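# Per-entry structural report
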Amino acid sequence: MAEPVAPGVAAHVAERLWFRLGSPRPAPSAVVTTATPVRELLGSAFEVGLRGRAVRGWTWGDGPVVYLMHGWGGSLEQLTPLVAPLLDRGMQVVAFDGLSHGRSDPGVHGAGSSDAVELGRSLDAVAARFGPARAVVAHSMGALSALLAIRDGWLAAERLVLIAPPSGIPDLLVQLTSELGLGERTTRRLVERIHLRTGYAPDELDLVRIASALERRERPELLVVHDLLDREVPHAPSARLVQSWPGAQLLSTAGLGHRRVLADAAVGGAVARFVDRLPVEPSLHGDDRPQPFADEVADGASGVGTRTRAGAA
């Protein structure tokens, strides 16, 4: 409705909706709980500064550094199931909450609002404290943030694990304009606002495009893990990313969805092996086994037929 008379106002509203993190959750008082294994209890908290704001995190162990990067609206606690397998491989694990996430301070645009570029700068600030990475393990939108930190920031990484990565901002922009019914004028204004906010045009924030711009010497070895039944982020773009990245590997799970994949023991083991420069299996499957649909009466009178499906994501 605002398109003909006030496309700028409509774009402003759309921008606020897009970058909103949703209802804030109470910040956890600590990363660990009474159910946390003993080795994870032996970690220590840290804090680094980013433009006058505090990025807070947790670190465990000694050895080559592995950074754990959460996704949009996530927190480091989602990634703690990966800590033990990495410690078993002799790694130092560093996890953190990006600005406006978890226990870190609000970002530049206030509490409850952030973007992939700000998440990438949070990772860059943490890397300035702990140094070059044996690996970065990033979930969902954190994949885009990690690639930006490697290409445009100070972060150097030998290996990169992307778990359920999105294709990038261009496809998300198409989805947003469709869901909100944005017209051409409003969309154009929104693109301008995104560029002003992040310093990047939306078309620049595409995983394959960013990857192709990496120089050979700075291109990490890549492992992508993605569930075939992920309802939030499609699997197909991950396959395209792997095809565009020389030597990259794709592990496809079934039945773990977008978040449970982080807690799966087989996934954690494969990620740790890859980080430790060991081979991994070409495919994985989740704990869910195929489950039958309700019995259906087959056409005619021949009897009752069943179908099977993979476990729900």
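Residues numbered from 1 in each chain as written. Predicted model: local features only at pLDDT ≥ 70, side-chain atom pairs only at ≥ 80, totals over all residues. Heavy atoms only, no water.

Moving on: the pairing of strand β4 (residues 92-96). Burial runs high along β4: five of the five residues are buried. Because side chains alternate across β4, one face comprises the buried residues Q92, V94 and F96, and the other comprises V93 and A95, equally buried. Here four bridges tie strand β2 (residues 53-60) to β4, and the two strands are oriented antiparallel to one another. Its bridge partner being in β4, W60 is matched across the sheet by V93. Judged from the four bridges that link them, strand β3 (residues 65-69) and β4 form a sheet pairing that is parallel. The residue of β4 that forms the bridge with Y67 is V94. The parallel pair β3 and β4, bridged by helix α3 (residues 83-88), forms a crossover whose chirality is right-handed. (Buried < 20%, exposed > 50% of the residue type's maximum accessible area, 1.4 Å probe, protein only. Helix = DSSP H or I, 4+ residues; strand = E, 2+ residues; numbered from the N terminus. Pairing = 2+ DSSP bridges. Right-handed = clockwise from strand over helix to strand, strands pointing away.)

This part covers the pattern of salt bridges. Throughout the structure, instances matching the rule amount to 11 salt bridges. Residue R193 is joined to E15 by a salt bridge in which the shortest nitrogen-to-oxygen separation is 2.5 Å. With R193 in helix α7 (residues 184-198) and E15 in helix α1 (residues 7-19), this residue pair connects regions lying 178 residues apart in the sequence. The salt bridge partner of R151 is D152, with a shortest N-O separation of 2.8 Å. Taking the relative accessible area as the measure of exposure, R151 reaches 21% and is therefore partly exposed. Of the residues examined, D152 reaches a relative accessible area of 41% and is grouped as partly exposed. A single salt-bridge network, built from bridges that share partners, covers R134, E158, R159 and R277. (Salt bridge = Lys/Arg side-chain N within 4 Å of Asp/Glu carboxyl O.)

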